Amino acid sequence: MYRKLTIAALIIFLLPGILYANTSNGIKYDPVTKTITITVPDKKLSLTIDCASGCIIRRLSVNGRNTLSANGIQTGIQTKNGEYLSGDNNPDIKVTERAGHFVITGIGYGNNTIHVTETWDFELKNNKVYWGITRQYNNAALLEDMAFPKWSFADLSVWKGGILDNGGMVWCKYLRKVNDTYGVHTGGVTFWNDQSGDGLRIKPVLQPGSSVASKYSHSAKNEFTCAQIITDSTLQQRYNLSRFVSQKADVFAPFEVRKGEVTVRYELEYIDYFTKYSRGTLTGIDAKSVRELLNTTGRYGVVDNNIAGGNGWLTNWKCMHEPFFAQIGMALDDKNYTRNFSATLDQERDQAMLPDGRVLSRWHNEAGDEIPGTYNAKTGYYEAMWGYTVDSQTGYVINASEQFDLNGDLKWLRSHQESCERALAWLIKRDANKNGIFEMVNNNIAEKKASDWLDIVWASYENAFVNAQMYEALKLWANCEKTLNNPEKAAYYTAVAERLKTAFNKPIGQGGFWSAAKKQYVYWRDNDGSVHGDNLVTPVNFAAIAFGLCDDKTRIAQILDQIEQRTTNEHLFHWPLCFDSFKKEEVSPGNWPFPKYENGDIFPTWGYLGVRAYTGYNKDIALKYVRNILAQYQKDGLSSQRYSRITQLGLGEDILAGICTTITGLYRDIYGIRPKWNRMGLEPNLTEALNGTQFSYTLRDTIYQIKLKVNNYTVGTKAFSVSSKESFGVSGSGNKLIYYHNNQEDKTLQINSKSSKPIKINVNLWDPKLISWTVSSIDSYNFKLNGLLAGEDYQLSINKQVRHIKANKDGFIDIKQTCTKPVKIMIKRIH
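Each value, and the rule that gives it
- Residues numbered from 1 in each chain as written.
- Predicted model: local features only at pLDDT ≥ 70, side-chain atom pairs only at ≥ 80, totals over all residues.
- Heavy atoms only, no water.
- Helix = DSSP H or I, 4+ residues; strand = E, 2+ residues; numbered from the N terminus.
- Rg over C-alpha atoms; globule rule 2.2 N^0.38 Å.
- Buried < 20%, exposed > 50% of the residue type's maximum accessible area, 1.4 Å probe, protein only.
- Contact = heavy atoms within 4.5 Å.
- Areas by Shrake-Rupley, 256 points an atom, 1.4 Å probe, with all protein chains shown as cover.
- Lys, Arg positive; Asp, Glu negative; His and termini not counted.
- Charge placed at Lys NZ, Arg CZ, Asp CG, Glu CD.
- Axes fitted to C-alpha atoms, helices over the stretch in contact; angles between N-to-C directions.
- Left-handed = near helix turned anticlockwise from the far one by under 90°.
- Nonpolar A, V, L, I, M, F, W, Y, C, P; charged D, E, K, R; others polar.
- Pairing = 2+ DSSP bridges.
- Core = buried A, V, L, I, M, F, W, Y, C linked by side-chain atoms within 4.5 Å.
- Phe/Tyr/Trp six-rings, centres within 6.5 Å; stacked < 30°, edge-to-face > 60°.
- Lys NZ or Arg CZ within 6 Å of the ring centre and 35° of its normal.
- Expected span 1.5 Å × (residues − 1).
- Salt bridge = Lys/Arg side-chain N within 4 Å of Asp/Glu carboxyl O.
- 1 Å grid on protein atoms, 1.4 Å probe; cavity = no way out; pocket = protein on both sides within 12 Å on 5 of 7 lines; lining within 4 Å.
- Points joined across faces, edges and corners; volume = space filled by probe spheres on them.

Peer 1: Would you mind showing me how to read the overall build of the protein chain here?
Peer 2: Secondary structure summary: the protein chain contains 16 helices and 50 strands in total. Relative to the 2.2 N^0.38 estimate, which gives 28 Å for 831 residues, the radius of gyration of the protein chain is 30 Å and therefore close to what a compact globule would have. A buried classification covers 59% of the 831 residues belonging to the protein chain. Put simply, 62% of the contacts in the protein chain that link residues at least 6 apart link residues at least 24 apart. If you sum the accessible surface of the protein chain, you get close to 32600 Å²; carbon and sulfur atoms cover 50% of it. Side-chain charges of the protein chain comprise 97 positive and 85 negative groups, with the mean position of each set lying 6 Å from the other.

Structure below.
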């Protein structure tokens, strides 16, 4: 008996290429059940592959919990004749072990027209599992669908959703009906569970020449499924340009595969979601809701690659007349979203701009919403049927300008220079009466056409909302021209903006928009001189203040005090589009009776304008509405277009990603995250309630540690730490650090150290007469101070050792100093 067992054990041990019950490398193969179990060292991720009859991954355990349905994970194809899967009965499958890889061969499925053979290769490295799939087609064929592979999760509650590697997301709750399917042209995804904090990252690595797409679906068995499709050309949509289809599993059009070999390798990794997507310590703010709001509603506007917007993938819509998408990217802090939005602007430049500079207003999956003859069935861009929404001109320029501050790519900016100039020129030419205010295409309310985002309000001719956005676009683009070394163009756009500002602020009796009687800016003026929209339209008045058109403190107080009083009196959680009713003839019947839709309902989409306006006036009020929007997210996920003024319940199936912009305002205007193309910028507006806020922020692959207290702000990396009580910008690499006072280009302190040790400074004071900073790191430094008066004499004090020094003809002073202990340096103007 002993001898028989020994021989049997020896036979099993010597089976070529098979390792039995080896747990030293985290992989076990059981030749009896023909199963492979792979477990990463920290036990957070485990796979069980069943090769007994066919090949299928039966279990995918994430932190000890199996996430799969009985269908597991399989590969396969679908033709008109049927579906063929790797799990189909197949007795020829073999498992071998080769230099730490477990290789499964003999996988095969198909029919007489096309047959597939596959090899699966599994490797364990650290806490990642690598799964290679090599597929051989014996023939060319037209396929209806593909699983390369398909992941069948137990149900739609396993994950809250998935963060896509184009910056978008799939939210499981939006796949409400059986076969609801979202198809997108990217393959990587991080699934997450917001209760447990468990996450699963799937990252495909393609061979050159391959393209990947994915579809996410609610199966007939109530599973949540994800299927990758690998082809040699970009997949087309089956139903018009639809990325989401309801109750249809076949979102992509049939496609050809060629005879030959296709390979893909997947990297599988457990993600500690709470850590990976942490928003840091947000004192006085619900950081969990910030994280979830940005990862769901904030990302929802990404329809696909090159289509990042606000209306989102459920309705297959993108509006170009929305200027806040780069700001959403700033708050998301995701380089994938940033990359995709840069590509989105590229596509809109190339496909949505007419030769005369007109920027088409919308993208949609199918015709039906357009001015007749304007819908392009190939690209999806068109003019909205409600009228020429002129704010698509300003939306493009504002987004492009702010996107440049995120991507920092001068070549990219130059590629948008001519198009941004044409977009502005198109609108500048519309000042027919030369009064400095730019006219719309429609002239008066009798035409019953819109001219901006409020698309069933008949704002016409001289529109204050569009002109406020034009002012912002002109200012931002002037800075871009300056960066591109075009000072004459920068001066031109600045002059146009200043002329607009002067005209805008005139009383209505003098052709401007200010109503002294109503203490507000009116919405528009028709070509007959009649004034409309004196019903306290919030985005109009917020924009005037937020964009800097209105800098009159009395007017600011009059506007913001009455908005706050009326919002508080009605106990509204957020600002309505207007407080009083438009006149019936000023709006579509869809806005009647008041309060209804754009005539009085709550649209948080323009929340960032309110936050920005109040931050400069009363920070506590701004913070109140940030907290309110987070509390509303906890109630309903902000999964609405708008909220009823009467019930404050969500309304509208057209969910808007822009509903998150109150939180972009938190990051931009309260925390002061203000990246610039060549530096990180910090311009906080804190209250004491936020003291102790700390978080990391990644800009162009550099991780910055942000620490915030009132009048005490710190930005640090591995290379430096800079503190100041005022706003500043900073950039650094190697042994070089540049400090930008007030985050401006013309006042800088450059520090070069002898070694590559981290540089640590605190800027104590920076005003026209005295500049002071303390260096607490030990090294030899060269300080170069810019922004002084050329040729002026200054007193230099280093740890109270005083001497005189003169600024050169360019306003620079150079100082060399070896610091063996903390050193305080002061530069004082003598005269």
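From this point, the narrative continues.
Peer 1: I keep staring at the packing of helix H7 (residues 391–407) against helix H9 (residues 417–428) and nothing clicks. Help me out?
Peer 2: Helix-helix packing: each pair is described by the crossing angle between the helix axes and the interaxial distance. As a packed pair, H7 and H9 sit with axes 9 Å apart at the nearest point and diverge in direction by 145°. The two elements H7 and H9 meet at a crossing, and its hand is left-handed. For the pair H7 and H9, the contacting residues are Gln393, Thr394, Tyr396, Val397 and Ala400 in the first and Ser419, Cys420, Ala423, Leu424, Trp426 and Leu427 in the second. In terms of residue class, the contact of H7 with H9 is made up of eight nonpolar, three polar and no charged.

Peer 1: Would you take a moment to explain the sheet that holds strand E48 (residues 801–806) for this structure?
Peer 2: Taken in spatial order, the nine strands make up an open sheet running E37-E38-E39-E40-E44-E45-E50-E47-E48, and their pairing is mixed. Bordering the open sheet on either side are strand E37 (693–699) and E48, each of which pairs with just one other strand. Averaged over neighbouring strand pairs, the angle between their axes works out to 20° when direction is ignored.

Peer 1: Help me understand the nonpolar core in this model?
Peer 2: Buried together is how nonpolar side chains tend to be arranged in soluble globular proteins. The biggest cluster of nonpolar side chains holds 250 residues, and the ones touching the most others in it are Ile49, Ile104, Tyr216, Trp313, Tyr667, Tyr671 and Trp773. Residues in contact with isoleucine 104, not counting those within four places in the same chain, are Ile36, Ile49, Cys51, Cys55, Ile93, Lys94, Val95, Glu118, Thr119, Trp120 and Phe122.

Peer 1: What is the right way to look at the pairing of strand E3 (residues 45–50) in this model?
Peer 2: Across a regular strand the side chains alternate sides, sitting on one face of the sheet and then on the other. Most of E3 sits inside the fold, with six of its six residues counted as buried. Residues Leu45, Leu47 and Ile49 of E3 are buried on one face, and the alternating residues Ser46, Thr48 and Asp50, pointing to the opposite face, are buried as well. Inspection of the sheet shows strand E2 (residues 35–39) paired to E3 by five bridges, in the antiparallel sense. Bridge pairing in E3 links threonine 35 to aspartate 50. Taken together, E2 and the strand that follows it, E3, pair antiparallel across an intervening segment of five residues, in which lysine 43 is found at a positive phi of about 65°. Here E3 pairs with strand E4 (residues 56–62) via six bridges, running antiparallel. Looking at E4, one finds that threonine 48 is bridged to arginine 59. Two successive antiparallel strands, E3 and E4, enclose a turn made up of five residues, where glycine 54 displays a positive phi of approximately 85°.

Peer 1: Hey, could you run me through the packing of aromatic side chains in this one?
Peer 2: The relative placement of two aromatic rings is captured by the distance of their centres and the angle of their planes. This model, assessed by the stated rule, comprises 54 aromatic pairs. Aromatic side chains phenylalanine 191 and tyrosine 216 sit 6.3 Å apart centroid to centroid with 75° between the ring planes, which places their arrangement in the edge-to-face category. Here the residue phenylalanine 191 occupies a position in strand E17 (residues 189–192), and tyrosine 216 occupies one in strand E19 (residues 211–218), the gap between them amounting to 25 residues. Here phenylalanine 191 and tyrosine 216 have matching classes, each one buried. With a centroid separation of 6.5 Å and an interplanar angle of 25°, the aromatic rings of tyrosine 337 and phenylalanine 341 are classed as stacked. One end of the pair, tyrosine 337, and the other, phenylalanine 341, are both in helix H6 (residues 335–351), four residues apart, so they sit about a helical turn from each other. Judged by relative accessible area, phenylalanine 341 falls into the buried class, the value being 0%. The ring of tyrosine 239 has lysine 248 lying over it, and the distance from NZ or CZ to the ring centre is 5.3 Å.

Peer 1: How should the pairing of strand E39 (residues 712–716) be read in this particular structure?
Peer 2: The element E39 is extensively covered by neighbouring structure, given that four of its five residues are classed as buried. Where strand E38 (residues 702–709) and E39 come together, five bridges link them in antiparallel fashion. Note on E39: the bridge partner recorded for isoleucine 706 is valine 715. Turn length for the E38-E39 hairpin, with the two strands adjacent in sequence and antiparallel, is two residues, and the turn residue asparagine 711 shows positive phi of about 60°.

Peer 1: Explain H9 to me, please; I cannot follow it from the model alone.
Peer 2: Two residues of an α-helix separated by three or four positions point the same way, owing to the 3.6 residues in each turn. Taking 1.5 Å per residue as the helical rise, H9 with its twelve residues ought to reach 16 Å, and the 16 Å between its terminal C-alpha atoms agrees with that figure. A large share of H9 lies buried, amounting to nine of its twelve residues. Buried residues of H9: Gln417, Ser419, Cys420, Glu421, Ala423, Leu424, Trp426, Leu427 and Ile428, and no others.

Peer 1: What is the right way to read the pattern of salt bridges from this model?
Peer 2: Between side chains of opposite charge, a pair can form when the charged atoms approach closely. Under the counting rule described, the total for this entry stands at 40 salt bridges. Across the salt bridge formed by lysine 318 and glutamate 348, the nearest N and O atoms sit 2.5 Å from each other. Residue lysine 318 is found in strand E26 (residues 317–319), and its partner glutamate 348 is found in helix H6; the two are separated by 30 residues along the sequence. Judged by its relative accessible area of 6%, glutamate 348 is buried. For arginine 349, the salt bridge is made with aspartate 346, and the minimal N-O distance between the two is 3.6 Å. One end of the pair, arginine 349, and the other, aspartate 346, are both in helix H6, three residues apart, so they sit about a helical turn from each other.

Peer 1: How should I be thinking about empty space enclosed by the protein in this particular structure?
Peer 2: Applying the stated criterion across every chain yields a total of three cavities of 30 Å³ or more. Roughly 50 Å³ of volume is contained in the largest cavity. Every residue lining the largest cavity is listed: Thr538, Pro539, Phe542, His574, Trp575, Pro576, Leu577, Phe603, Trp606 and Gly607. Per-element accounting of the lining of the largest cavity gives the leading share, three residues, to helix H12 (residues 538–546). The class makeup of the residues in the lining of the largest cavity is seven nonpolar, three polar and no charged.

Peer 1: I would appreciate a short explanation of the sheet that holds strand E41 (residues 728–733) in the present structure.
Peer 2: The strands that make up a sheet pair up through hydrogen bonds in the backbone, lying either parallel or antiparallel. Read from one edge of the open sheet, six strands run E36-E41-E42-E43-E46-E49, paired in antiparallel fashion. Sheet topology places strand E36 (680–682) and strand E49 (813–819) at the edges, where each strand pairs with a single neighbour. This sheet shows a mean twist of 20° between the axes of neighbouring strands, independent of strand direction. Of the strand pairs in this sheet, strand E46 (residues 779–785) and E49 are connected by seven bridges, and their pairing is antiparallel. Each bridged residue has a counterpart across the sheet, and for aspartate 779 the counterpart in E49 is cysteine 819.

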